[in-house]
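Coordinates in review
So you can see what is in the structure, the chains are spelled out below.
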Amino acid sequence: MSHFTEIWVYLSSSPLLHLTLTLIAYQIGDWAYKRSGGLAVLNPVLLAVAMLVAVLLITDTDYGTFFEGAKFVHFLLGPATVALAIPLYNQLEQVKRSLPALLSSLALGSATGALAAIGIAWALGAGPTVVASIAPKSVTVAIAMGVSAEIGGLPSLTAMLVLLTGITGAMFGPALLHLLCVRDSRAKGLALGAASHGIGTARAVQIDETAGAFSGIAMGLNGLLTAAMLPLIWRWLF
Amino acid sequence: MLWALTALLAFQLAGEALVAWLQLPAPGPVVGMALLFIALIIRGGAPKALAETSRGLLSHLSLMFVPAGVGVTLHLTVLADSGAVIGVALFVSTLAAIAVTGLAMTWAMRLSKRKGGQE
């Protein structure tokens, strides 16, 4: 037993262990998600996070030790965000055609999401750090974490809220849009991408190609819009 | 592959540098994305290697959320304190954003169709 403990202590002091665990947990999550036929509640990220949190709590490992390994995966968010320029460019022609409608709807929806989140959290008595962490929840995580840090939120709390926002939108968005008689794929995709970033986009792709394309555009543009506008609005509000 | 990854990192680095230099209110990688977008417009498309590497990287985008997501362990007390508030704010604001964006887009496209006879 003590021999096993020794090996564990040795391994857990190296970044290799938690990097490997991160990759394994994600792949288990992805497998379960695909096996279920894409059930929104079995979101692979949610499952992976739940498994890893359980492992950290059971083995009494602190987040800093875990992140020493997981940071190699986390680092890739930067270049991946830069890479979003390519799908955005590929859809340029389609975007140009409905640009005025797209931009005005996106600005309205983006403002509604952020202001409603700020307003509700504030009205229900959340502290300023929590409110600042919720505000950028509708954009892709790399951008949201940057904006959160800038307006005084907790980036790691924001990351979790971004995740939950994505899952909420993917789960309930399509039914809500149906209820509101929104039938156009461009409108459906734009709404899912604007409110629920990548996870919403993954759901929009399942509707059809047009919805997927417009969701990707909405995700990219809302990222830029939020990064540019939210810190300014925040300074004006508080 | 290596070249494409270097290019992505170089654009990110340029983005970070520009943010630090001009005190921009946006994260470095986002400015990097904008710079790459401008470069693609000037060049008229992405080189094959860059398009392939980007596709590979983006297909695993959700994996990259995981390390930050596990950071929830840092905030278990925050969640215990204001979990309900956070839940209500997230749920209502997300559905409101979806409803407003979807309806606005539907109406705006209908309007431009009526006005210009085109979409």
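Nothing here was measured: the structure is a model prediction, and the numbers come from that model.

On to the overall build of chain A. From N to C terminus, chain A includes 13 helices and zero strands. From first element to last, N terminus to C terminus, chain A shows the α and β order α-α-α-α-α-α-α-α-α-α-α-α-α. Relative to the 2.2 N^0.38 estimate, which gives 18 Å for 238 residues, the radius of gyration of chain A is 19 Å and therefore close to what a compact globule would have. With respect to the three principal axes, the spread of C-alpha positions in chain A is 65 × 45 × 30 Å. Per-residue burial for chain A yields a buried fraction of 53% across its 238 residues. Pairs at least 24 residues apart make up 60% of the contacts formed inside chain A by residues separated by at least 6 positions.

A count of helices and strands for chain B gives five helices and zero strands. Of the regular secondary structure in chain B, the N- to C-terminal order runs α-α-α-α-α. What you see for chain B is a C-alpha radius of gyration of 20 Å, clearly larger than the 14 Å of a compact globule of 119 residues, by over 25%. C-alpha extents for chain B along the principal axes are approximately 55 × 50 × 30 Å. In chain B, which comprises 119 residues, the proportion classed as buried is 44%. Once local pairs closer than 6 in sequence are excluded, the contacts in chain B between residues at least 24 apart make up 31%.

Now for the interface of chain B and chain A. Contacts between chain B and chain A engage 64 residues on the former and 92 residues on the latter. Of all the secondary structure elements, the ones that give two or more residues to the side of chain B that touches chain A are helix 1 (2-22), helix 2 (28-43), helix 3 (48-59), helix 4 (66-70) and helix 5 (76-116) of chain B. Broken down by element, the side of chain B that touches chain A gets its largest block of residues, 26 residues, from helix 5 of chain B. Looking at the side of chain B that touches chain A, its residues break down into 48 nonpolar, 15 polar and one charged.

Residue and element names in this part refer to chain A. According to the domain assignment, chain A contains domain 1 (2-75) and domain 2 (97-237). For domain 1 and domain 2, the distance between their C-alpha centroids amounts to 27 Å. Contacts between the two partners involve six residues from domain 1, matched on the other side by six residues from domain 2. Class assignment of the residues belonging to the side of domain 1 that touches domain 2 gives a composition of four nonpolar, two polar and no charged.

The subject of this paragraph is unusual backbone geometry. Residue and element names in this part refer to chain A. For Asp60, which is not glycine, the phi dihedral falls at a positive 55 degrees. Locating Asp60 in the fold gives a position in the loop between helix 3 (44-58) and helix 4 (63-75). Positive phi, normally seen in glycine, also occurs at Cys181, with a value near 60 degrees. A tally of 9 C-beta atoms within 10 Å means that Cys181 is categorised as exposed.

Taking 1.5 Å of rise per residue, the 25 residues of helix 8 (residues 99-123) of chain A would be expected to cover 36 Å, and the 35 Å separating its terminal C-alpha atoms lies within 8% of that figure. Just past helix 8 of chain A, the residue A:Gly125 takes up positive phi, approximately 90 degrees.

In terms of nonpolar packing, the biggest core is built from 107 residues, with A:Ala85, A:Ala121, A:Ile134 and A:Ala135 touching the most fellow members. In this view, A:Ala135 contacts A:Ala114, A:Ala117, A:Ile118, A:Ile151, A:Leu230 and A:Trp234; residues no more than four positions away in its chain are not counted.

About the thresholds
- Residues numbered from 1 in each chain as written.
- Chains lettered and ligands numbered in written order.
- Predicted model: local features only at pLDDT ≥ 70, side-chain atom pairs only at ≥ 80, totals over all residues.
- Helix = DSSP H or I, 4+ residues; strand = E, 2+ residues; numbered from the N terminus.
- Rg over C-alpha atoms; globule rule 2.2 N^0.38 Å.
- Buried ≥ 20, exposed ≤ 12 C-beta atoms within 10 Å, placed from the backbone.
- Contact = placed C-beta atoms within 7 Å.
- Nonpolar A, V, L, I, M, F, W, Y, C, P; charged D, E, K, R; others polar.
- Domains from an automatic or database assignment.
- Expected span 1.5 Å × (residues − 1).
- Core = buried A, V, L, I, M, F, W, Y, C linked by C-beta atoms within 7 Å.

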